[in-house]
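Given next are the chains, with one letter for each unit.
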Amino acid sequence: MIKKFLCYLLIFLGIIPVFVNASENYEAKVDDNYYMSLEEAIANATSGDTIVLTSNEILEETLLINKIVNIDLNGKSISAPSKVFQVEGGTLNLIGEGTIKETEPNYGAIMVIGSTDPSNSSYSVVNVGKNVKLEGWSGIFITHNNKKSYGVEINLSGKINAIDDTSGGSGAGVYVNGTIQDQNNHPVVNILDGAKITSSGNGLYIAGYSTFNIGKAYISGKESAIGIKSGTLNINGATIICTGEDTTPTEGYNNGIKSSGTAIQIESNNGYAGDIKLNINSGTITSKHSNVIYEYIGKGSDSQVESISISGGNFRSEDNKEVFSLSNSLKEKHPKFISGGKYSSNPNQYLKADYTTTLDNDLYTVVKSTMKEIFFNNKDSNNNTLKIIITLVIVATLGIIIYLNRTKLSNLLSK
């Protein structure tokens with residue numbers, strides 16, 4: 001009996017180290033199933049499963065996501081030399097707290113490729129949770145397959161830190177390849193409330209045709225906060241800032257975008273899809289050293305801005321440059337586009353009809369015009385001509401009244 005007990009005890013004691021060593025090597029789990037690598041966990045996970053990291057994952061090559069994959073980073077990190085994930089025909093949901101990182105920055109933490117079939121909606125989808133950080137040459141790199149990229153959807157609530165690549169090329173927080181030109185079923189990027197993007201180059205580089213919807217997020221870059229050549233940009237409450245030096249005027253470029261130092265840099269370049277639509281409803285948009293909104297002709301002769309509307313927001317150049325620097329072509333196409341907002345330089349030439357400005361604390365505030373403002377707002381010089389005209393009309397009217405009354409009085413006296 002004693003021998004049997006000792007035998008069991010030795011077996012038990014011998015097994016314990018095996019279990020301990022094995023658990024230390026596990027890198028991910030799904031429910032109670034443990035896996036030696038994230039790749040193995042993804043291969044075995046089914047739709048709806050959540051993979052939980054149990055240790056930091058160091059990949060030797062990119063992981064392809066071509067099905068629905070949910071990953072809880074669980075305070076850990078996933079790294080690879082370049083392109084940690086490639087999402088193509090799948091959905092990647094990143095939750096929990098942790099970091100996805102390129103160790104030899106070249107493309108981005110997550111590369112996204114759309115479908116070649118224009119009927120494929122929600123083909124490649126990425127959802128980044130609020131406590132997730134992406135770090136690489138870009139956070140999210142949207143590119144093409146045979147010049148097509150249909151059905152791409154991005155929802156960013158977390159953080160992106162875009163850094164220089166291994167050759168010293170400055171980063172781009174979110175990058176959209178300029179080869180994407182089809183407006184049908186184009187990529188849609190939603191930068192949600194609380195998201196934060198910082199970049200050594202452009203906070204956003206929007207070359208390919210896409211729609212960006214930006215909520216109450218933070219976006220900064222040294223070369224520009226946002227550089228756009230194609231598509232639609234909707235800004236609703238974001239803080240957008242460029243910290244770099246003024247390098248305007250900027251030359252057109254067909255393989256990226258050159259530095260300007262402006263907050264929103266619009267390059268009209270007929271080598272890209274163009275059809276640029278800019279809508280700003282609210283937010284704080286700042287350039288430390290240059291213009292706030294800068295549009296120029298990079299290639300061709302006409303502005304590629306199809307519409308521009310500003311109904312609110314705070315726009316400031318901290319070096320007292322003009323808020324707007326726009327091509328003559330754009331000003332001819334869209335001479336009046338402002339109906340709200342506050343500006344560090346006078347935006348009067350771009351105001352829509354029935355709007356004027358008041359000057360308060362060195363900021364020009366756009367307001368709806370009223371008769372009181374026309375007559376008594378001496379700080380606003382935009383309505384000087386109108387004031388003169390109205391004054392002349394009033395004087396003429398008074399003159400007529402006096403003349404008629406004098407004539408009437410004269411007739412009464414003659415009787």
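The residue count restarts for each chain, going from 1 along the sequence in the order it is written. In keeping with the model being predicted, local features are shown solely for residues with a pLDDT of at least 70 and side-chain atom pairs are shown and tallied solely at 80 or more, while totals for entire chains, interfaces and linings include all residues. Side-chain measures were taken over the full set of non-hydrogen atoms in the model, leaving aside hydrogen atoms and water.

### Remarks on the overall build of the protein chain
Here is step 1: Here a helix means four or more residues in a row that DSSP labels H or I, a strand means two or more in a row labelled E, and each is numbered from the N terminus. For the protein chain, the count of helices and strands is five helices and 33 strands.
Here is step 2: Three labels apply to residues, based on accessible area from a 1.4 Å probe with only protein chains included: buried if under 20% of the type maximum, exposed if over 50%, partly exposed otherwise in between. Within the protein chain, the proportion of its 415 residues that are buried is 47%.
Here is step 3: Here the analysis covers contacts within the protein chain between residues at least 6 apart in sequence; of these, 59% occur between residues at least 24 apart.
Here is step 4: Surface accessibility follows the Shrake-Rupley procedure with a 1.4 Å probe radius. Residue values consider only the protein chains on display as shielding. Summed over all atoms, the accessible surface of the protein chain reaches about 19,800 Å², with 51% contributed by carbon and sulfur. Any two residues having at least one pair of non-hydrogen atoms within 4.5 Å are treated as being in contact.

### What to know about the packing of aromatic side chains
A ring pair, where both rings are aromatic, is described by two values, the distance of the centres and the angle of the planes.
Here is step 1: Here a pair means two rings of Phe, Tyr or Trp (six-membered ring of Trp) with centres within 6.5 Å. Their orientation is stacked below 30 degrees between planes, edge-to-face above 60, and tilted elsewhere. Applying the stated criterion to the full structure yields 12 aromatic pairs.
Here is step 2: Three or more aromatic residues link up through ring pairs in this structure, and these residues are Tyr-107, Trp-137, Phe-141, Tyr-175 and Tyr-205.
Here is step 3: Taking the ring centre of Tyr-218 as reference, the NZ or CZ of Lys-196 above it sits at 5.5 Å.
Here is step 4: Here, a charge over a ring is recorded when the distance from Lys NZ or Arg CZ to the ring centre is within 6 Å and its angle to the ring normal is within 35 degrees. The ring of Tyr-253 has Lys-258 sitting right over it, with the charged end atom 4.5 Å from the ring centre.

### What about the sheet that holds strand β23 (residues 224-228)?
Here is step 1: What makes two strands pair is DSSP finding at least two bridges between them. The strand order β5-β8-β11-β14-β17-β20-β23-β25-β27-β30 describes an open sheet built from 10 strands, whose pairing is parallel. Each edge of the sheet is formed by a strand with only one pairing partner; in this case those strands are β5 (63-65) and β30 (324-325).
Here is step 2: As paired strands, strand β25 (residues 262-269) and strand β27 (residues 293-299) are joined by six bridges and run parallel to one another. Pairing of Gln-265 across the sheet is with Tyr-294, part of β27.

### Let's talk about the pattern of salt bridges
Here is step 1: Salt-bridge detection follows one rule: a side-chain nitrogen of Lys or Arg within 4 Å of a carboxyl oxygen of Asp or Glu. Tallying each qualifying case throughout the model produces seven salt bridges.
Here is step 2: Between Glu-135 and Lys-133 there is a salt bridge, and its shortest N-O distance comes to 3.6 Å.
Here is step 3: Judged by its relative accessible area of 12%, Glu-135 falls in the buried class.
Here is step 4: Between Lys-229 and Glu-267 there is a salt bridge whose closest N-O contact spans 3.5 Å. Of this pair, Lys-229 sits in the loop between β23 and β24 (232-242) while Glu-267 sits in strand β25, placing them 38 residues apart in sequence. Exposure class is identical for Lys-229 and Glu-267. Each is buried.
Here is step 5: Overlapping salt bridges, with partners in common, bring together Lys-101, Lys-133 and Glu-135 in one network.

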